[in-house]
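# Observations on chain architecture
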Amino acid sequence: MCNHRLSCVILSIVFVGIFSLLCCLNISIAQEEKRIPDIFSGGEEAPFDKRTDKWFGGKTPLGYIFNNFDKIELGDDVYGRFTKPGLPYPFELSKEEREKLTPDQVMRRWIEGVGYKAFAKNYEGSIRFLTLDRRGHLREKIGKEYHVSYINKPESKERKEGVMNKFIFKVVAPEDARGLSTMTWRYFDDDKSDDIWIFLTSLRKVRRMSDASKQDSFLGTDHHYDDISLKIPIYNYKFLKSEVFQVKDDDIFGLEKENLKRFINGVGRECWVIEATPKKSWYFAKRISWQDKENYIEYKQLKYDKKGRLIITRASEVSLVQEAPNTSGAKDYYIIFSFAPVETVLNNHLTWGNIFTGNWDTDLPESIFSTRYMLTGVY
Amino acid sequence: MKKVKFVKLRRIAFISLVGFSLSGVIGNTPVQGAFHIGNLLIGGYLKNESSWHLQRPGELMKSQWQFNLELDYHLSDHITCFLQLRPEYEAIFKWSSHGMGAHDEWKDELQDNWFRNDDFNPLVREAWIHINYENFEARLGRQIVVWGRSDGIRLLDMVNPYFMREGVLDEDEDAKIPIWMFKLRYWFTVENGLELLWIPRYVPSVAPLKDSPFAFQATKMLEGELIPMLKSFGIKFKHSEPGTSISKSEIGLRWLGMFKNFNYSLNYFYTWDDVMDMVAKGPKLYTFKPDRLSIFGGSFDYAFSHALFMDDWVIRGEFAYYNGDNFINMETNQIEERDHFDVMWGFDKNFFVDYYVSFQFAQSFLLHRGDDYSGPGLSAIDSIENQYTLMLQKFVYDDRIMLETLICASDEGDAWARPRVSFEYTDEIKLTLGGNFFWGSSDDFYGQWHRSGDQIFFEIKYGF
C-alpha cells in the first residue's frame with residue numbers, strides 16, 4: 001500500500017514537473033511568430049506604479065512600448081511597415097464630386113473600401129492583437145482573416161443575391177481558442193443582419209450565431225464589432241469641418257510627440273472631421289473621426305460617453321500612398337499597414353493591432369467561404 | 001425469444017446532457033498551428049480536474065491529470081495525418097472496470113494501465129488520415145463525428161458512444177469514445193454535400209457501475225438486485241457483440257445543405273443501440289446484446305434579423321424518428337419494440353449587449369404506447385417527455401473571465417444546475433471553478449444524483 005501511495009505521489013510530482021517545465025518554456029504560439037519581449041524585465045523600470053495606482057510619467061503601457069521602441073527588438077515582421085503595390089482603389093470620383101458627398105457616403109466608401117476590401121478580388125492576412133491592461137498583463141491573440149468582396153463584381157451570383165462581403169476569421173493563438181473560426185456574410189440591405197457561423201472546436205460543429213452585438217468588444221480587445229462590421233444606419237453622421245490632420249501634443253496613447261508622428265498615419269492629409277451619433281442607446285454617445293478627403297481612410301477616432309468624457313481613442317492601421325501613374329496611365333497605390341493602437345482611456349486598457357501578413361488578389365477559392373471549409377479546414 | 005425484465009437505459013439517448021457546453025473557445029481544440037516542425041504541427045494541453053463532494057466536505061470525487069498531445073502532419077496539399085494521444089492519471093476512481101465503479105479514498109490499485117489503454121478511454125484517442133481531392137474527402141481511422149444541432153441533447157448525434165464515468169458531467173470531448181470508421185464526403189456544390197459513414201465494429205457506451213456516485217438507478221437495481229438474484233439460481237451471463245462482418249456494421253448517411261441561408265441536414269443512421277439489452281438465451285444463460293436501430297431525421301438552423309418583435313436571433317431545430325427501439329414494459333416485464341419521435345427547438349440570442357442566452361426545448365413522443373415503460377431513473381416514461389435547457393453566459397474583465405450557468409430540467413420537476421467561472425490567468429493558463437447541483441426524486445433522471453452527485457469542482461489547464 002505504501003509503495004502504491006508513494007508511486008502516486010511520484011507520478012503527481014512528475015506531472016507537476018512537466019507542468020512547471022512547460023510554463024517555464026512558455027511555448028505558446030507558432031514558432032514562426034516572434035513574441036514581443038518582456039519589456040518589464042531586463043532592468044527596465046515597470047511602468048505601472050502600484051503605490052499611486054498610476055502609470056509612471058502619466059504614460060500608458062502602450063505609449064511606454066512605443067516610446068521605448070528602439071530598445072525593443074521586435075523583428076522586421078512586426079516592426080517594419082510593408083507595402084503592397086498595384087492595388088486598384090475606387091477613386092472614381094473627381095475632387096469636385098467628392099466634395100459633394102454626404103458624410104454617410106464618405107463613411108460607406110471607407111468601410112467598403114478598406115473594411116470590406118472592395119478594391120480587390122480577395123484578401124488573406126494575419127493579424128496580431130496585443131492587449132495590455134492596467135496591471136501590466138500583456139496578452140496576445142493571433143488570427144488569420146480571409147475576405148472576398150462582391151461590391152465591385154456586379155455580375156457575380158452573390159452580388160445579385162445581395163451579398164456585399166464574406167469574411168472568415170480563424171484563431172491561431174492562444175491555445176484555448178485555437179481552431180475557433182467565424183464566418184460572416186454581410187449584405188447590401190441595411191435592414192438585413194449579418195449571417196454569422198461559428199465553428200466550435202470543443203463541439204466539433206458549425207453553429208449559427210445571432211448577429212453579434214456590435215457594441216461588444218472584439219476578442220477582448222479594445223476594438224468593437226461596430227469598428228469592424230459597421231452598419232451605416234446605426235449612426236447619424238454630420239460634417240463638423242475640414243482640416244489638415246495633425247498629431248497633437250495631448251493626443252492619444254501616451255506617446256511622445258516624435259513617436260506619435262511615427263506611428264499615427266495620415267499626418268498632413270486633408271481630412272473631413274465627421275461626427276457620428278448613435279440612433280439608439282449605445283456604448284458611446286458621440287464619435288469623432290478624421291477621414292481622408294481623397295481616399296476616405298480614417299486616421300483617428302475618438303469616442304465620448306454621455307458625460308462628454310473621452311472613453312476610446314483609436315488610430316488606423318492602414319493608409320494609402322499614391323504612386324506615379326503606371327504604363328496604362330492609371331495611378332498605382334500602395335496600401336500601408338502599420339500598428340493600430342487603440343486605448344480604452346477609462347480603464348487604461350490598450351490594444352495594439354498589427355497586420356503582419358497581407359496578400360491581395362490571391363488564388364484563394366471562393367469555396368473557402370462556406371460551412372464546408374469550417375467543418376473540414378480544407379477546400 | 002424470451003425477454004426478461006431489464007430496466008434499460010434507453011432514455012439516456014434522449015435526456016442525457018453529456019458534455020453540454022457552448023463555450024467552444026474554452027474547450028479542447030484540434031491542432032491548428034502550435035509548434036511547427038516542418039509540416040508537423042504539435043499542440044495540446046496539460047490539465048488537472050478535481051471535484052469535492054458537497055455533502056461530505058473534504059472528500060474528493062475526482063482528481064484527474066490529463067495530458068493531451070495532438071500531432072498534425074501535412075503530408076501534401078491533399079493528405080493530412082492526425083494523431084491524438086491522451087494519457088491520464090486518476091487518483092480517485094478505481095482503475096478496475098474502466099474506472100466506472102466505486103471511488104477510493106486514494107488510489108491503491110496503481111496498475112500498469114494507468115494510461116487507460118482500452119476501447120473506452122484509449123491512449124490513442126484519434127488516429128486518422130484525411131484525403132481531399134477537389135470535391136471529394138475521405139477520413140479513415142479512429143475519429144469522432146458529430147451530428148445534429150442540439151447542445152447536449154442527443155437526437156441525431158448517435159455516431160460515437162459515450163464514456164459516462166461521471167454521468168452527464170463530462171464535456172463531449174472527454175465523454176465521446178472515438179471509434180474506427182470510414183467517413184466519405186462528396187460536395188456537389190460549395191454548400192451541398194453527401195456524407196457516408198461506415199463503422200465496421202460496434203463499441204457500446206459505458207455507464208457507471210452500481211457503486212459509483214454517478215450510477216443510474218436502473219444500474220443499481222440491475223447490478224444490485226436482479227443479477228445477483230439470477231446468479232443465485234445458477235444463471236450465467238455473457239456479452240454478445242455483433243461482430244465485424246459487413247452485415248453487422250453500422251452505416252450513416254447525411255445530406256448537408258444550404259438553401260437561401262437556411263442550413264439543414266437530412267440524416268439516416270442504421271446502427272446498433274449503444275446500450276445493450278439483457279436477453280435470455282435459454283434457461284441458464286442470459287446475454288447482453290445490442291438492438292438494431294434505424295434512425296431517420298434532420299436538423300436546421302436559421303438566423304432572423306427581425307422576427308417576433310426581436311432583432312437578431314437564431315432558431316435551431318432537430319428531429320429524429322427511432323424505428324424499433326426497445327423499452328421495458330413495466331406491466332409485463334418484457335422488452336418491447338416501440339418507435340419514438342424526438343424533436344428539439346433551440347433559441348439563441350444576445351441580450352443587453354453581451355449576455356448570451358441559449359434555450360432548448362425537447363420533446364420525445366413514444367408512439368403506439370399502451371402500458372407503462374420505465375426509464376433510467378426507474379420512473380415510468382410518459383407518452384410525451386419534455387426537457388428544457390437554459391444557458392446564460394457572459395464574459396467580463398476584458399473577456400478573461402467567463403461566467404456561465406447551465407440549467408437542465410424535465411417536466412418531472414428534477415433539474416441539474418452547473419454554475420461556473422473560468423479565468424484566463426495568462427494566454428496559456430486557465431482556471432475554472434464551479435459546481436454541479438441536482439434536484440428531484442431519486443426515480444427521476446437528474447434527481448437520481450441528488451446529494452450523491454452534488455459537488456464543487458476546480459480545473460487548471462495549461463495549453464501549448
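Here, every reference points to the structure presented above.
Numbering of residues begins from 1 in every chain and follows the order in which that chain's sequence is written. Each chain gets a letter, beginning with A, and each ligand a number, beginning with 1, in the order they are written. A pLDDT threshold of at least 70 governs which residues receive local features in this predicted model, and a stricter bar of 80 or more applies before side-chain atom pairs are shown or counted, although totals over entire chains, interfaces and linings include all residues. Think of the side-chain values as coming from all heavy atoms in the structure, minus any hydrogens and water.

## Observations regarding the overall build of chain A
For clarity, the cut-off: Only runs of H or I of at least four residues qualify as helices and only runs of E of at least two qualify as strands under DSSP, and these elements are numbered from the N terminus. Any residue under 20% of the maximum accessible area for its type is buried, any over 50% is exposed, and the rest in between are partly exposed; the area is computed with a 1.4 Å probe on protein chains only. Any two residues having at least one pair of non-hydrogen atoms within 4.5 Å are treated as being in contact. The accessible surface values rely on the Shrake-Rupley method and a 1.4 Å probe; as for residues, cover is taken only from the protein chains in view.
Along the backbone of chain A there are nine helices and 18 strands. Among the 379 residues that make up chain A, the fraction classed as buried is 59%. For chain A, contacts bridging at least 24 residues in sequence account for 59% of all contacts bridging at least 6. Working note: accessible area of chain A is about 15,900 Å², and carbon and sulfur atoms make up 52% of it.

## Regarding the overall build of chain B
If you tally the helices and strands in chain B, you get three helices and 25 strands. Counting across all 464 residues of chain B, residues that qualify as buried make up 61%. Put simply, of all contacts in chain B between residues at least 6 apart along the chain, 61% involve residues at least 24 apart. Surface summary for chain B: the accessible area is close to 17,200 Å², and the carbon and sulfur share equals 62%.

## Considering the nonpolar core
Basically, it comes down to this: Here, the term nonpolar core denotes a set of buried Ala, Val, Leu, Ile, Met, Phe, Trp, Tyr and Cys residues that are joined through side-chain atoms within 4.5 Å.
A:Val106, A:Trp110, A:Tyr235, A:Tyr237, A:Ile274, A:Trp290 and A:Tyr296 are the most contacted members of the largest nonpolar core, which has 36 residues in total. Looking at this core, the elements that each hand over two or more residues are helix H5 (103-115), strand S10 (235-244), strand S11 (270-278), strand S12 (286-292), strand S13 (298-304) and strand S14 (310-315) of chain A. In this structure, B:Met61, B:Met164, B:Ala175 and B:Phe445 belong to the second largest nonpolar core, which totals 31 residues.

## With respect to the pairing of strand S16 (residues 310-328) of chain B
All names here are of chain B. Our working definition: Note on pairing: two strands pair once DSSP finds at least 2 bridges between them.
Of the pairings in the sheet, the one linking strand S15 (residues 292-307) to S16 comprises 13 bridges and is antiparallel in character. Considered in S16, the bridge of Phe-300 is made with Gly-317. The antiparallel pairing of S16 with strand S17 (residues 335-351) creates a hairpin that spans six residues between the two strands, and Asn-333 there sits at a positive phi of about 60°.

## Some points on unusual backbone geometry
Residue and element names in this part refer to chain B. With a phi angle near 50°, Lys-260 is a residue other than glycine that sits in the positive phi range. Its location among the elements puts Lys-260 in the loop between strand S11 (250-259) and strand S12 (262-272). At Asn-261, a residue that is not glycine, the phi angle is positive and equals roughly 65°. Considering the arrangement of structural elements, one finds Asn-261 in the loop between S11 and S12.

## Considering the environment of A:Phe119
In this fold, A:Phe119 is placed in the loop between H5 and strand S4 (122-132). Among the residues examined, A:Phe119 registers a relative accessible area of 5% and is labelled buried.

## Considerations on the packing of aromatic side chains
Aromatic ring pairs are reported here in terms of the distance separating the ring centres and the angle at which the planes meet. Operational definition: Each Phe, Tyr or Trp ring, with Trp reduced to its six-membered ring, pairs with another whose centre is within 6.5 Å; inter-plane angles below 30 degrees give stacked pairs, above 60 give edge-to-face pairs, and intermediate values give tilted ones. For a lysine, the NZ atom is tested; for an arginine, the CZ atom; a charge sits over a ring if that atom is within 6 Å of the ring centre and within 35 degrees of the ring normal.
In total, this model carries 37 aromatic pairs over all chains according to the counting rule given. Both rings, one in A:Tyr235 and one in A:Tyr237, keep their centres 5.9 Å apart while their planes meet at 70°; by these two values the pair is edge-to-face. Given a relative accessible area of 1%, A:Tyr235 falls into the buried group. An angle of 40° between the planes, with centres 6.4 Å apart, marks the rings of B:Phe262 and B:Tyr302 as tilted. Linking B:Phe262 in strand S12 with B:Tyr302 in strand S15, this pair joins segments that are 40 residues apart in sequence. The partly exposed category is assigned to B:Phe262, whose relative accessible area is 31%. Accessibility expressed as a relative area gives 24% for B:Tyr302, which makes it partly exposed. Here the aromatic cluster, defined as three or more aromatic residues joined through ring pairs, consists of B:Phe262, B:Tyr264, B:Phe300, B:Tyr302, B:Phe304, B:Trp313, B:Trp345 and B:Phe347. It is A:Lys153 that lies over the ring of A:Tyr150; its NZ or CZ is 5.3 Å from the centre.

## Digging into the pattern of salt bridges
Residues and elements named next belong to chain B. What counts is decided by this rule: Just to be clear on terms, a salt bridge is a Lys or Arg side-chain nitrogen sitting within 4 Å of an Asp or Glu carboxyl oxygen.
Across all of its chains, the model carries 39 salt bridges over all chains by this definition. The partner of Lys-176 in a salt bridge is Asp-157, with the nearest N and O atoms 2.6 Å apart. Placement of Lys-176 in the loop between helix H2 (172-175) and strand S8 (179-187) and of Asp-157 in the loop between strand S7 (136-143) and H2 is noted, with a sequence separation of 19 residues between them. When sorted by exposure, Lys-176 lands in the same class as Asp-157, which is buried. We note a salt bridge from Glu-404 to Arg-418, for which the minimum N-O separation is 3.0 Å. Here the residue Glu-404 occupies a position in strand S22 (residues 401-410), and Arg-418 occupies one in strand S23 (residues 415-424), the gap between them amounting to 14 residues. Considered together, Glu-404 and Arg-418 belong to a single accessibility category, that of buried residues. It is possible to trace a salt-bridge network through shared partners that takes in Lys-47, Glu-49, Lys-62, Arg-86, Glu-88, Arg-165, Glu-166 and Asp-174.

## What to know about the sheet that holds strand S13 (residues 277-282) of chain B
Residue and element names in this part refer to chain B. Test applied: Here, axes are lines fitted to C-alpha atoms. For helices the fit covers the stretch in contact, and angles between N-to-C directions go from 0 to 180 degrees.
In spatial order, the strands read S10-S14-S13; together these three strands make up an open sheet with mixed pairing. Unpaired on one side and paired on the other, strand S10 (236-239) and S13 mark the two borders of the sheet. Between one strand axis and the next, the sheet turns by 30° as a mean value, whatever way the strands run. Direction of pairing for S10 relative to strand S14 (residues 285-289): parallel, over a ladder of four bridges. The residue bridging Lys-236 from the neighbouring strand is Leu-285, located in S14. Here helix H3 (residues 217-232) sits on the sheet and contacts S10, S13 and S14; the angle it forms with S13, its principal contact strand, is near 5°.

## A word on H3(B)
Residue and element names in this part refer to chain B. To keep things clear, this is the line we draw: Each residue after the first adds 1.5 Å to the expected span of a helix. What we call the bend at a residue is the angle made by axes fitted to the seven residues finishing there and the seven residues starting there.
Compared with the 22 Å implied by 1.5 Å per residue over 16 residues, the 22 Å span of H3 between its first and last C-alpha is a close match. In H3, a bend of some 30° at Glu-223 exceeds every other bend along the element. For H3, the set of buried residues is Gln-217, Ala-218, Thr-219, Met-221, Leu-222, Leu-226, Ile-227 and Leu-230. Each element contacted by the buried residues of H3 is listed here: S10, S13 and S14. Two residues or fewer past H3, Gly-234 is found with a positive phi of approximately 85°.

## Observations concerning the side chain of B:Asp454
All names here are of chain B. Test applied: Positive charges come from Lys and Arg alone, negative charges from Asp and Glu alone, with His and the N- and C-terminal ends not counted. The definition of a polar contact used here is a pair of N or O atoms within 3.5 Å, where within protein one atom must be able to donate a hydrogen and the other to accept one, and adjacent residues in sequence count solely through side-chain atom pairs.
When you line up the elements, Asp-454 lands in the loop between strand S24 (429-439) and strand S25 (455-463). Although Asp-454 lies buried, it forms no salt bridge, and the closest oppositely charged side chain, Arg-451, sits 6.4 Å away as judged by the N-O distance. Of note is the side chain of Asp-454, whose polar atom sits 3.3 Å from the backbone nitrogen of Arg-451. Residues within four places of Asp-454 in sequence aside, it is in contact with Trp-52, His-53, Leu-54, Gln-55, Met-61, Asn-436, Phe-437, Phe-438 and Trp-449.

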